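Chain residues, written in single-letter form:
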Amino acid sequence: QSSMVEYVSPEGLRVDGRRAKELRKVECGMGIFASADGSAFFQQGNTLAIAAVYGPREITRGPSLHDRATINCQYSMATFSTRERRRRTRDKRATEISLVMRQTFESVLLTNLFPRSAINIFVQILQADGGTRCCAINAATLALVNAGIPMRDMVCSVAAGCIEGTPLLDLNFIEDSAGGPDLPVALLPKSGKVTLLQMDSKLSLDLFKQVVQLAVEGCHTINDVMTAAIRDQAVSLLGARGTLFTSAMQDRTDEDEDEPITSTADFGGEDPMY
């Protein structure tokens, strides 16, 4: 089946019309769940992830760490996320991705500020079309920011691969199913450190360097999109607070106009209290 599919045309176009180094369309947002301390969605092409963060909350029962917070991650895929309906069974892949996410965020979150507490991260894939773990990491990062949990740096993730000797950025499901190397990469953009790199097949050293560099460049692009979403959220919150403040001041002014003048301070004179 893979030999019948032309993954990269002679014109350099992929099956979905993108160039080799082109990301799928990215959309993201924050504050989608009122009940969570932080929440976000991240959509990349047809892959959609939602995340919710609860905590930090004090651990009253069970074991806890006296010097830092405990991070718990749960990754799952909705039964309707793929074309074939998934069964509700214990998924080894979901367990592995949950562990990878926990290890990734343990190196970034300032857990020492919250001893004997827990930070719970829940991510669900609503629609899957390749790159699900990377979308999950990006959604979790935005949810952590939305929850106000301090971090050393953002975590931005994207996968890159290689098909028929051509490095490709952000593989979709068809390309991911071709059997070529697939490298999910998570980057801390400020420091330039790679906090996650996985590879499930062999790759020559030269191609490995090209694919990793392609993924790093894609992570920086995703960081720009996520930073813009955070900025928009901050502006929206400040605007809402400014509106409330202006409304409160207006109400105070209206009340003052209705009250009789009882102090020389109302005329700009000296306050009788002094």
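In this text the structure is predicted, and so the values were computed from the model without any measurement.

(A) Molecular detail of the environment of Gly161. As for its placement among the helices and strands, Gly161 is situated in strand β6 (residues 156-163). A residue is classified by how much of its surface remains accessible, and Gly161, at 0% relative accessible area, is buried. Along the chain, Gly161 and Met199 lie 38 residues apart, while their C-alpha atoms are 9.3 Å from each other. The residues touching Gly161, leaving out its near neighbours within four places in the chain, are Thr166, Pro167, Leu168, Leu171, Pro181, Asp182 and Val211.

(B) Spatial organisation of the pattern of salt bridges. Under the counting rule described, the total for this entry stands at eleven salt bridges. Residue Arg18 is joined to Glu175 by a salt bridge in which the shortest nitrogen-to-oxygen separation is 3.6 Å. Of this pair, Arg18 sits in the segment before β1 (26-30) while Glu175 is found in helix α3 (residues 173-176), placing the two residues 157 residues apart along the sequence. Like Arg18, the residue Glu175 is buried in the burial classification.

(C) A look at a nonpolar patch on the surface. On the surface, Val15, Phe173 and Ile174 cluster together into a nonpolar patch covering about 270 Å² of accessible area. Counting through the fold element by element, Phe173 comes out in helix α3.

(D) A look at helix α2 (residues 132-146). Taking 1.5 Å per residue, 15 residues should reach 21 Å; α2 reaches 21 Å between its end C-alpha atoms and fits that length. The element α2 is largely enclosed, with a buried count of 13 among its 15 residues. At the exit of α2 stands Gly148, carrying a positive phi of roughly 75 degrees.

(E) Up close: the packing of aromatic side chains. In the structure shown here, the tally under the stated rule is one aromatic pair. Centre to centre, the rings of Tyr54 and Phe122 are 6.0 Å apart; their planes meet at 75 degrees, and the pair counts as edge-to-face. With Tyr54 in strand β3 (residues 47-58) and Phe122 in strand β5 (residues 117-127), the pair connects residues that are 68 residues apart, well separated along the chain.

Calculation criteria
- Residues numbered from 1 in each chain as written.
- Predicted model: local features only at pLDDT ≥ 70, side-chain atom pairs only at ≥ 80, totals over all residues.
- Heavy atoms only, no water.
- Helix = DSSP H or I, 4+ residues; strand = E, 2+ residues; numbered from the N terminus.
- Buried < 20%, exposed > 50% of the residue type's maximum accessible area, 1.4 Å probe, protein only.
- Contact = heavy atoms within 4.5 Å.
- Salt bridge = Lys/Arg side-chain N within 4 Å of Asp/Glu carboxyl O.
- Patch = residues over 30% accessible without salt bridge, like charges linked within 9 Å, V, L, I, M, F, W, Y side chains within 5 Å.
- Areas by Shrake-Rupley, 256 points an atom, 1.4 Å probe, with all protein chains shown as cover.
- Expected span 1.5 Å × (residues − 1).
- Phe/Tyr/Trp six-rings, centres within 6.5 Å; stacked < 30°, edge-to-face > 60°.

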